Amino acid sequence: MVVNTAVLYRQALAAVNTAYDRTLLASAKAIGELLEVEGYDDQAQLRAAVPYAALEAFEADNQSRMFYRVSSPAGEMVSGFAELPFWRGQLPSRPPYAALVDFYDDRYRSEDVRVAVLLQPVAGERGRSMAVIQVAETLELRHTLARKILQDTLWRQAVLVGLIALVVVLVVQRTIRPVRRLSARLQARPEGDLTAIEAPGAPRELLPLVEATNGVMLRLQRLLDHQKRFVRDASHQLRTPLAVLKTQVQSALRGDVEPRQALAEINDTVDRATGLANQMLALAKVEQLRHQVGTEVMDLSDVVRSVALDVSPLIADKDLDFDIRTAPAAVRAHAWMLRELARNLLHNAIRHSPAGATLSVRVVADATHAALVVADSGPGVSATLAERLFQPFSAGDVLSGSGLGLAICHEIAQALGGSIELENREEHGWVTGLDATVRLPLALVQNPVE
């Protein structure tokens, strides 16, 4: 509005100047009609008898005053107001009128004036010469008219802006009415209700927000369901080893078994309970990391070799023929996830491989995916058992496992955008082992891992 006001005032003043400059030119021409000359060219003498009444006809009102000066081309005063500065400018190459005229702004008696200068040829029976006629006018009338034009225009613009503001308010109120209804429905929901929002009457622009909100609520519902399942499973699974531990302690206190045997049994129970608690915490941590950022590009082969070195004592205890072959495979993941994935697969393979059998680990990569293959020499799995081994607490051997290892691997693979498969190896119709294959998408990096 400020810029528009300044530009509009300058435009209005320019239009007023164009209109009133005609009056100045007419005044100068009227003065030129009253000039006389004696002599020719350099010897010419100009005479002017210009009464001020000759200018009164061109004054629009009493606000502005007009002054004039008639000079020779050399600047010698002939008639008029001597204090009016002589014109020293140049005529425009394309004057606005069919005359030798120029318009410019100047100051006279400490006032701003608009000046028209006319080069008027003067000829008569007794001579011929050129006169420089200057007519100046104060700017009160011009400024007053420009301000009036500005005020009238601003009033109309103010009314238009007010009308637009009213329309905008009404339209915005009408537009956000569905948002308010949706907000009221959400506030009226009972605590814990994370079902999807249904907004069939919502504006088209609001649908992406509704869909995104439904996505967030779905993830929250999954997180809450996971927490509820974790609490339920923890209370159920830990109750059994704690009850067994209490029974063993009571039996030892009564003296039913030897102290050394009682302590050995208690130690085994504590080890199983500790392993169960660690695996349950690991399963909960997978769900936590699934919703966090901060993954990094890592070489899967380096992680697998590091984990294999950690479990080497277990491999040595069973005298397994261990073979590991890896190729560079850059994947994007949390470091803990990759280590936990490799550790659980190796622990599971070592547990089910008979002593002295073979155990191999391979890491390969193609154009889009990296694959970790752990091949043991165990009894394999049946088709019925394979369908539920990835579910928590679905162990193939309830005496040697908690049923969480493969469930953890399955959750990690899904969190990293990959998959896990179990496949029996057969020779001559007999199962010779189990291949656990995890496929993960390769990371897109500029400098591949060497």
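The structure we're discussing is the one just above.
Nothing here was measured: the structure is a model prediction, and the numbers come from that model.

> Please clarify how the packing of aromatic side chains should be interpreted in this entry.
The description of two aromatic rings rests on the distance between their centres and on the angle between their planes. Applying the stated criterion to the full structure yields 4 aromatic pairs. Aromatic side chains tyrosine 68 and phenylalanine 81 sit 6.0 Å apart centroid to centroid with 90° between the ring planes, which places their arrangement in the edge-to-face category. Remark: phenylalanine 81 occurs in the loop between strand S4 (77-80) and strand S5 (101-108) and tyrosine 68 occurs in strand S3 (residues 66-71); sequence separation between them is 13 residues. Owing to a relative accessible area of 6%, tyrosine 68 belongs among the buried residues under this scheme. Aromatic rings pair up to connect Phe67, Tyr68, Phe81 and Tyr108 into one cluster.

> Teacher, can you tell me more about the environment of valine 374 here?
With respect to the helices, strands and loops of the structure, valine 374 is situated in strand S12 (residues 369-375). Judged by relative accessible area, which is 3%, valine 374 ranks as buried. Put simply, valine 374 and aspartate 435 are 61 residues apart on the chain and 5.7 Å apart in space, counted from C-alpha to C-alpha.

> Explain the environment of arginine 107 to me, please; I cannot follow it from the model alone.
Among the structural elements, arginine 107 can be located in strand S5. Through-space distance from the C-alpha of arginine 107 to that of alanine 136 is 9.5 Å; in sequence the pair is 29 residues apart. Those residues in contact with arginine 107 that sit more than four places away from it in its chain are Pro85, Asp112 and Val113. In terms of polar contacts, arginine 107 uses its side chain to reach the backbone carbonyl oxygen of serine 110, at 2.8 Å.

> Please explain the packing of helix H3 (residues 140-175) against helix H4 (residues 177-187) as it appears in this structure.
Two quantities define a packed helix pair, namely the angle between the helix axes and the distance between the axes. Close contact between H3 and H4 brings their axes to 4 Å; oriented N to C, the two are set at 35°. Across the interface between the two elements, Gln173, Arg174 and Thr175 from H3 touch Arg177, Pro178 and Arg180 from H4.

> Hey, could you run me through the side chain of aspartate 376 in this one?
Relative to the assigned elements, aspartate 376 resides in the loop between S12 and helix H10 (383-388). Here aspartate 376 occupies a buried position and makes no salt bridge, while the nearest side chain of opposite charge, arginine 425, is found at 5.1 Å. In this structure the side chain of aspartate 376 is engaged in a polar contact, spanning 3.1 Å, whose partner is the backbone nitrogen of glycine 378. When near neighbours in sequence (up to four residues on either side) are disregarded, aspartate 376 contacts Ala349, Ser353, Thr358, Leu359, Arg425, Thr432, Gly433 and Leu434.

> Just checking my understanding: could you explain the sheet that holds S12 for this structure?
Paired through their backbone hydrogen bonds, the strands of a sheet run either parallel or antiparallel. Reading across the sheet, the 5 strands line up as S9-S11-S12-S14-S13 and stay open at both edges, with mixed pairing between neighbours. One side of each edge strand has no neighbouring strand; the edge strands of this open sheet are strand S9 (321-326) and strand S13 (419-427). Within the sheet, the average angular offset between the axes of one strand and its neighbour, ignoring direction, is 15°. Here strand S11 (residues 358-365) runs beside S12; their pairing, made up of 6 bridges, is antiparallel. If you follow valine 361 over to S12, its bridge partner there is valine 374. Running over the sheet, helix H7 (residues 300-310) touches S9, S11 and S12 and is turned about 160° from S9.

What counts and how
- Residues numbered from 1 in each chain as written.
- Predicted model: local features only at pLDDT ≥ 70, side-chain atom pairs only at ≥ 80, totals over all residues.
- Heavy atoms only, no water.
- Phe/Tyr/Trp six-rings, centres within 6.5 Å; stacked < 30°, edge-to-face > 60°.
- Helix = DSSP H or I, 4+ residues; strand = E, 2+ residues; numbered from the N terminus.
- Buried < 20%, exposed > 50% of the residue type's maximum accessible area, 1.4 Å probe, protein only.
- Contact = heavy atoms within 4.5 Å.
- Polar contact = N/O pair within 3.5 Å; in protein donor to acceptor, adjacent residues only side chain to side chain.
- Axes fitted to C-alpha atoms, helices over the stretch in contact; angles between N-to-C directions.
- Lys, Arg positive; Asp, Glu negative; His and termini not counted.
- Salt bridge = Lys/Arg side-chain N within 4 Å of Asp/Glu carboxyl O.
- Pairing = 2+ DSSP bridges.

These values are about where atoms sit, not about what they do.
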